[in-house]
Amino acid sequence: MNASAPPPKRKLLVATTSLAGCFGCHMSFLDIDERILDLVELVDFDRSPITDIKHCSPNCDLGIIEGGVCNAENVHVLHEFRKNCKILIAMGACAINGGLPAQRNSLDIRDILAAVYAQPGRGVHIPNDPEIPLLLNEVHPLHEVVKIDYFLPGCPPSGDAIWKFLTDLLAGRTPTLGHGLIHYD
């Protein structure tokens with residue numbers, strides 16, 4: 001090894017998760033296509049659908065969260081990410097403003113559960129199992145629960161927008177998305 005060569009740059013540790021949403025933002029993340037090979041040269045994935053790690057490790061550099069907050073488990077995961085990630089990104093409309101899941105906010109949660117669990121001729125039998133996360137009365141955007149450092153809009157954001165956003169961050173620049181990179185399908 002050459003003594004004058006700089007030490008190799010440390011890879012950033014990235015964690016991702018999906019809360020109340022459709023998983024479309026993670027699908028768009030995969031739409032960066034072959035650029036994911038360039039990305040894995042710069043980052044290591046911690047908790048994510050790619051690794052199937054269930055908890056966010058301490059000292060993550062970057063946390064990316066899609067989806068709104070609709071239940072007690074979402075609140076727990078979001079607090080875990082905020083505690084363990086230096087930078088937290090809300091990705092997509094559901095994370096930023098509640099998105100489609102927040103359309104239930106104008107309805108009473110008891111009425112929703114009664115309609116969902118109505119059994120013809122048997123009444124309403126709402127499950128009461130500790131394995132089922134307790135629903136919140138409303139769906140909340142992430143920033144109403146924890147501090148968010150960056151917002152990546154779109155429904156979902158395109159693979160190109162995600163790539164531009166991440167490469168700006170990794171290069172130490174404030175992410176900017178020009179015309180054509182933000183859309184809502």
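Residues numbered from 1 in each chain as written. Predicted model: local features only at pLDDT ≥ 70, side-chain atom pairs only at ≥ 80, totals over all residues. Heavy atoms only, no water.

Peer 1: Quick rundown of the overall build of the protein chain? Include the residues and the values.
Peer 2: Looking only at helices and strands, the protein chain features six helices and nine strands. Considering only C-alpha atoms, the protein chain reaches an extent of 80 × 35 × 30 Å along its principal axes. Relative to its 185 residues, the protein chain shows a buried fraction of 40%. Long-range pairs, those at least 24 residues apart, make up 76% of the contacts in the protein chain with a sequence separation of at least 6. Within the structure as shown, the protein chain displays about 10,700 Å² of accessible surface, and the carbon and sulfur contribution to it stands at 58%. In the protein chain, which carries 15 positive and 22 negative side-chain charges, the distance between the mean positions of the two groups comes to 6 Å. (Helix = DSSP H or I, 4+ residues; strand = E, 2+ residues; numbered from the N terminus. Buried < 20%, exposed > 50% of the residue type's maximum accessible area, 1.4 Å probe, protein only. Contact = heavy atoms within 4.5 Å. Areas by Shrake-Rupley, 256 points an atom, 1.4 Å probe, with all protein chains shown as cover. Lys, Arg positive; Asp, Glu negative; His and termini not counted. Charge placed at Lys NZ, Arg CZ, Asp CG, Glu CD.)

Peer 1: Lay out the nonpolar core in plain terms, naming residues and giving numbers.
Peer 2: In this structure, Leu 39 and Ile 64 are the most contacted members of the largest nonpolar core, which totals 21 residues. Going through the elements one at a time, helix 1 (24-30), strand 2 (43-45), strand 3 (60-66), strand 5 (85-91) and helix 6 (159-170) are the ones with two or more residues in this core. With seven residues, the single largest contributor to this core is helix 6. Cys 56, Cys 60, Ile 65 and Val 146 belong to the second largest nonpolar core, which has 16 residues in total. (Core = buried A, V, L, I, M, F, W, Y, C linked by side-chain atoms within 4.5 Å.)

Peer 1: Please set out a nonpolar patch on the surface residue by residue, giving values where relevant.
Peer 2: Side chains of Phe 23, Met 27, Leu 30 and Ile 50 sit close together on the surface and give an oily, nonpolar patch of about 370 Å² of accessible area. With respect to the helices and strands, Ile 50 occurs in the loop between strand 2 and strand 3. (Patch = residues over 30% accessible without salt bridge, like charges linked within 9 Å, V, L, I, M, F, W, Y side chains within 5 Å. Salt bridge = Lys/Arg side-chain N within 4 Å of Asp/Glu carboxyl O.)

Peer 1: Could you give me a rundown of the packing of aromatic side chains, with the residues and numbers involved?
Peer 2: This model, assessed by the stated rule, comprises two aromatic pairs. Between Phe 29 and Phe 45, the aromatic rings sit 6.0 Å apart at their centres with planes inclined by 80°, giving edge-to-face as the arrangement. Here Phe 29 is found in helix 1, whereas its partner Phe 45 is found in strand 2, with 16 residues between them in sequence. Comparing Phe 29 with Phe 45, the two get one shared label, buried. Between the aromatic rings of Tyr 150 and Phe 165, the centroid separation amounts to 6.0 Å while the plane-to-plane angle is 85°, which identifies the pairing as edge-to-face. In this pair, Tyr 150 sits in strand 9 (residues 150-152) while Phe 165 sits in helix 6, placing the two residues 15 residues apart along the sequence. Classification of Phe 165 as buried rests on a relative accessible area of 4%. (Phe/Tyr/Trp six-rings, centres within 6.5 Å; stacked < 30°, edge-to-face > 60°.)

Peer 1: Which residues make up the pairing of strand 5, and what values do they have?
Peer 2: A regular strand places its side chains so that they alternate between the two faces of the sheet. Across the seven residues of strand 5, five count as buried, placing the element largely inside the fold. With six bridges connecting them, strand 3 and strand 5 associate as parallel partners. Among the inter-strand pairings, Glu 66 is bridged to a residue of strand 5, identified as Met 91. (Pairing = 2+ DSSP bridges.)

Peer 1: Describe the state of the cysteines, with residues and values.
Peer 2: For the structure on display, the rule yields zero disulfides. Free cysteine: Cys 60, not disulfide-bonded; nearest cysteine sulfur from Cys 56 at 3.7 Å. On the basis of relative accessible area, Cys 60 is assigned to the buried category, the value being 0%. The thiol sulfur of Cys 94 is not disulfide-bonded, and the nearest other cysteine sulfur, from Cys 155, lies at 5.9 Å. (Disulfide = S-S within 2.5 Å.)

As far as function goes, none of this settles anything; it's purely spatial.
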